Amino acid sequence: MEECIFCKIINGELPSFKVYEDEKVFAFEDINPISQGHTLIIPKRHVENLWEIPEEDLAAVHFASKKIIRAIKDALNPVGVACLQLNGRGVNQVVMHYHLHLIPRASDEPQLPVSSWELKPGDMKEIQQIAEKIVAAIK
Ligand code: AMP
Ligand code: ZN
């Protein structure tokens, strides 16, 4: 993908703060970090989202996430690490190259907006109906 900024980062056409690379995966620091150590893991093969990504690349990204989250724990001693992955502009995916965010939180940092929503019980009938729709669509 010629205009994809993450492809350009993988190719070295754009700079990045690389933390990890292997045959299938590249990981680097987010330059607009929500917290210290905010890291992005991407497949080297360009795909937009979870609908498109081949299983082997998905597996590689998530195997790498385990390696990197361990390094984040050892290096930064966070109280927790949120994993976030957005699919589609409707949920604010901005860079259309699949990426998994690892977002650590230090004890002196504020709660992450992505992990601090209010729990409100839903309508159980509606939840059941939605679950049935999804089950019927599973292939
Ligand atoms: P999103 O698509 O909303 O899941 O997030 C895209 C993320 O990519 C944002 O957190 C950006 O700060 C980050 N980002 C965009 N351009 C760069 C870049 N050149 N280097 C590192 N991170 C970037
Ligand atoms: Zn790309």
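Look up a bit, the structure's there.
The text that follows walks through the structure, step by step, so that each part is easy to find.

Cut-off values and rules
Residues numbered from 1 in each chain as written. Chains lettered and ligands numbered in written order. Predicted model: local features only at pLDDT ≥ 70, side-chain atom pairs only at ≥ 80, totals over all residues. Heavy atoms only, no water. Helix = DSSP H or I, 4+ residues; strand = E, 2+ residues; numbered from the N terminus. Polar contact = N/O pair within 3.5 Å; in protein donor to acceptor, adjacent residues only side chain to side chain. Donors = N, O, S within 2.8 Å, 3.2 Å for Na, K, Ca; no water. Tetrahedral: all angles 85-135°; square planar, octahedral: opposite > 155°, others 65-115°. Buried < 20%, exposed > 50% of the residue type's maximum accessible area, 1.4 Å probe, protein only. Pairing = 2+ DSSP bridges. Axes fitted to C-alpha atoms, helices over the stretch in contact; angles between N-to-C directions. Phe/Tyr/Trp six-rings, centres within 6.5 Å; stacked < 30°, edge-to-face > 60°. Core = buried A, V, L, I, M, F, W, Y, C linked by side-chain atoms within 4.5 Å. Contact = heavy atoms within 4.5 Å. Near = heavy atom within 4 Å. Nonpolar A, V, L, I, M, F, W, Y, C, P; charged D, E, K, R; others polar.

1. Comments concerning the environment of Asp22
Here Asp22 is to be found in the loop between strand E1 (18–21) and strand E2 (25–29). C-alpha separation for the pair Asp22 and Ala60, spaced 38 residues apart in sequence, amounts to 9.1 Å. Polar contacts involving the side chain of Asp22 include one to the main-chain amide nitrogen of Val25, which spans 2.9 Å.

2. So, the coordination of the zinc ion (ligand 2)
For the zinc ion (ligand 2), the full set of protein donor atoms is Cys4 (SG), Cys7 (SG), His46 (ND1) and His97 (ND1), and the range of their distances to it is 2.0 to 2.3 Å. One way to put it: the 4 donor atoms around the zinc ion (ligand 2) meet at angles of 104 to 118°, and that makes the site tetrahedral. Mapped onto the sequence, the residues coordinating the zinc ion (ligand 2) show the spacing C-x2-C-x38-H-x50-H. Of this pair, His46 sits in the loop between strand E3 (39–43) and helix H2 (55–76) while His97 is found in the loop between strand E4 (80–84) and strand E5 (100–105), placing the two residues 51 residues apart along the sequence. Classification of His97 by relative accessible area gives buried; the value is 0%.

3. Concerning the sheet that holds E3
Pairing is antiparallel in the open sheet, where 5 strands are placed in the order E1-E2-E3-E5-E4. Each edge of the open sheet is held by one strand with a lone partner, namely E1 and E4. Strand-to-strand twist of the sheet, defined as the mean angle between neighbouring strand axes without regard to direction, takes the value 20°. The sheet contact formed by E3 and E5 spans 3 bridges and is antiparallel. Within E5, the residue paired with Leu40 across the bridge is His101.

4. Thoughts on the packing of aromatic side chains
Scanning the model with the defined rule gives 2 aromatic pairs in all. With centroids separated by 5.2 Å and ring planes inclined at 80°, the aromatic side chains of Phe6 and Phe28 adopt a geometry described as edge-to-face. One end of the pair, Phe6, is in helix H1 (residues 5–11); the other, Phe28, is in strand E2, with 22 residues separating them in the sequence. The exposure class assigned to Phe6 is buried, which follows from its relative accessible area of 6%.

5. Examining unusual backbone geometry
For Asn77, which is not glycine, the phi torsion reads 50° and is therefore positive. When you line up the elements, Asn77 lands in the loop between H2 and E4. Classification of Asn77 as exposed rests on a relative accessible area of 62%. Phi angles above zero are rare outside glycine, and Asn92 is one such case at about 70°. For Asn92, a relative accessible area of 60% gives the class exposed.

6. Remarks on the nonpolar core
Counting residues in each nonpolar core, the largest one holds 14 residues, and the members touching the most others are Tyr20, Val25, Ile41, Val61, Ala64, Ile68 and Leu102. Contributing elements (two or more residues each) for this core: E2, H2 and E5. With 5 residues, H2 is the single largest residue contributor to this core. Not counting residues within four places of it along the chain, the set of residues in contact with Ile68 comprises Tyr20, Ala27, Thr39, Ile41 and Leu102.

7. A closer look at the site of ligand 1
Around ligand 1 sit 16 residues, and of these Asp30, Asn32, Val94, His99 and His101 come closest. Here an oxygen atom of ligand 1 and a backbone polar atom of Val94 are 2.6 Å apart. Contact distances for ligand 1 include 2.8 Å between an oxygen atom and a side-chain N or O atom of His101. Counting residues per element, the ones that place at least two in the shell around ligand 1 are H1 and E2. By residue number, the principal contributor to the shell around ligand 1 is H1, which donates 3 residues. Its residues assigned to classes, the shell around ligand 1 shows 9 nonpolar, 5 polar and 2 charged.

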